[in-house]
Amino acid sequence: LTLSTASSRASSKSSMTMNAAEKTYIMIKPDGVQRGIVGNIISRFEQKGYKLCALKTKQASKELLEQHYKDLVEKPFFPKLRDYMLSGPVVCMVWEGKEAVATGRKMLGATNPLESAPGTIRGDFCIEVGRNICHGSDSVENAEREIGLWFEDGEVLDWTDHSFDWVYE
Ligand code: ADP
């Protein structure tokens, strides 16, 4: 048994382009917490084969939300979005694996839940854009930025997932 990390094992796997160390920031919004959907969302990412690198509950602040949604602060809906996100705890997570950012977005579904396919989180659990349960990074660059905003140094762990060789060929 070797004690290599997922990252080093990923680079020795067959596909040159495979990056099994890609991380995404997934956040369960206050409605997802209040409605008891946290476990279901975690299960979906676990079952997919992604690796949980960080997880915590947090009460957001106005300042943090203004940074997180920096491209949306001028939008007319931003005050409502901010109040929604401040209305209770959120669950912050980092999931790692091949194409975790793009696949995470697919697993969440479209921003407007009525346009989300059944089988996605938003498609299965919600109706309105202002109560759409979850957030997922939309690019690798934004994932790094968001992980840095929501987590402190040392909270995001690199650990050996023993199912790795059963998930990746
Ligand atoms: P996503 O969360 O799918 O990446 P955006 O980054 O465009 O979508 O928007 C961030 C969040 O702002 C959405 O998830 C949703 O909660 C809220 N939002 C977006 N557009 C609207 C809107 N037109 N009215 C109300 N809330 C909105």
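Criteria and thresholds
Residues numbered from 1 in each chain as written. Predicted model: local features only at pLDDT ≥ 70, side-chain atom pairs only at ≥ 80, totals over all residues. Heavy atoms only, no water. UniProt positions renumbered as here; feature names shortened; annotations may be inferred. Helix = DSSP H or I, 4+ residues; strand = E, 2+ residues; numbered from the N terminus. Buried < 20%, exposed > 50% of the residue type's maximum accessible area, 1.4 Å probe, protein only. Contact = heavy atoms within 4.5 Å. Core = buried A, V, L, I, M, F, W, Y, C linked by side-chain atoms within 4.5 Å. Near = heavy atom within 4 Å. Polar contact = N/O pair within 3.5 Å; in protein donor to acceptor, adjacent residues only side chain to side chain. Areas by Shrake-Rupley, 256 points an atom, 1.4 Å probe, with all protein chains shown as cover. Pairing = 2+ DSSP bridges. Axes fitted to C-alpha atoms, helices over the stretch in contact; angles between N-to-C directions. Salt bridge = Lys/Arg side-chain N within 4 Å of Asp/Glu carboxyl O.

The chain has the name Nucleoside diphosphate kinase in an unreviewed UniProt entry, where Nitzschia inconspicua is given as its organism. For the record of the chain, the UniProt heading Sequence similarities (unreviewed entry) holds the text "Belongs to the NDK family." According to the UniProt record, the Catalytic activity (unreviewed entry) comment for the chain reads "a 2'-deoxyribonucleoside 5'-diphosphate + ATP = a 2'-deoxyribonucleoside 5'-triphosphate + ADP".

Undergrad: How do you make sense of the overall build of the chain when you look at a structure like this?
TA: Each helix and strand in the chain was counted, giving nine helices and four strands. For the chain, the proportion of its 169 residues judged to be buried stands at 44%. A fraction of 79% describes how many contacts in the chain between residues 6 or more apart in sequence connect residues 24 or more apart.

Undergrad: Help me out: how do you make sense of the nonpolar core in this one?
TA: Nonpolar side chains in soluble globular proteins tend to end up buried together. Core analysis: the biggest nonpolar cluster contains 21 residues, and Ile-41, Phe-45, Tyr-50, Met-93, Trp-95, Ile-121 and Ile-133 have the highest contact counts within it. Secondary-structure elements contributing two or more residues to this core are β1 (23–28), α3 (38–48), β3 (90–96) and α6 (100–108). Look past the residues within four positions of Tyr-50 in its chain and what remains in contact with it is Phe-45, Trp-95, Glu-96, Gly-97, Lys-98, Glu-99, Ala-100, Thr-103, Met-107 and Tyr-168. If you look at the next biggest cluster of nonpolar residues, it comprises 18 residues, including Leu-65, Phe-78, Leu-81 and Phe-151.

Undergrad: Help me out: how do you make sense of the site of the ligand in this one?
TA: What surrounds the ligand is the set Lys-29, Tyr-69, Leu-72, Phe-77, Leu-81, Arg-105, Thr-111, Arg-122, Val-129 and Asn-132. In this structure, Lys-29 approaches the ligand through a side-chain N or O atom, which is 2.9 Å from an oxygen atom. At a separation of 2.5 Å, an oxygen atom of the ligand approaches a polar side-chain atom of Thr-111. Surface burial for the ligand is 73%, taken as the share of its 530 Å² of free accessible area covered by protein chains.

Undergrad: Can you walk me through the sheet that holds strand β4 (residues 134–136) in this structure?
TA: Two modes of strand pairing occur in sheets, parallel and antiparallel, and in both the strands are linked by backbone hydrogen bonds. Pairing is antiparallel across the open sheet formed by four strands, whose spatial order is β2-β3-β1-β4. Looking at which strands have only one partner, the edges of the open sheet turn out to be β2 (51–58) and β4. Between one strand axis and the next, the sheet turns by 15 degrees as a mean value, whatever way the strands run. Most of the contacts of α3 go to β3, to which it runs at about 5 degrees, and overall it touches β1, β2 and β3.

Undergrad: I would appreciate a short explanation of the pattern of salt bridges in the present structure.
TA: In a structure, side chains of opposite charge can pair up when their charged atoms sit close to one another. Following the criterion strictly, the structure yields seven salt bridges and no others. Among the ionic pairs, Glu-96 bridges to Lys-51, the shortest N-O distance being 3.3 Å. Of the two residues, Glu-96 is situated in strand β3 and Lys-51 in strand β2; the sequence distance between them amounts to 45 residues. Glu-96 gets classed as buried once you look at its relative accessible area, which sits at 3%. One salt bridge in this structure joins Asp-83 and Arg-82, with 3.9 Å as the shortest N-O distance. Take Arg-82: its relative accessible area is 18%, and that puts it in the buried class. Where salt bridges share partners, they join Lys-23, Lys-51, Glu-96 and Asp-158 into one cluster.

Undergrad: Would you mind going over the environment of Ala-117 with me for this structure?
TA: Mapped onto the elements, Ala-117 comes out in the loop between α6 and α7 (121–125). When the C-alpha positions of Ala-117 and Leu-64 are compared, they lie 30 Å apart, and in sequence the two are 53 residues distant.

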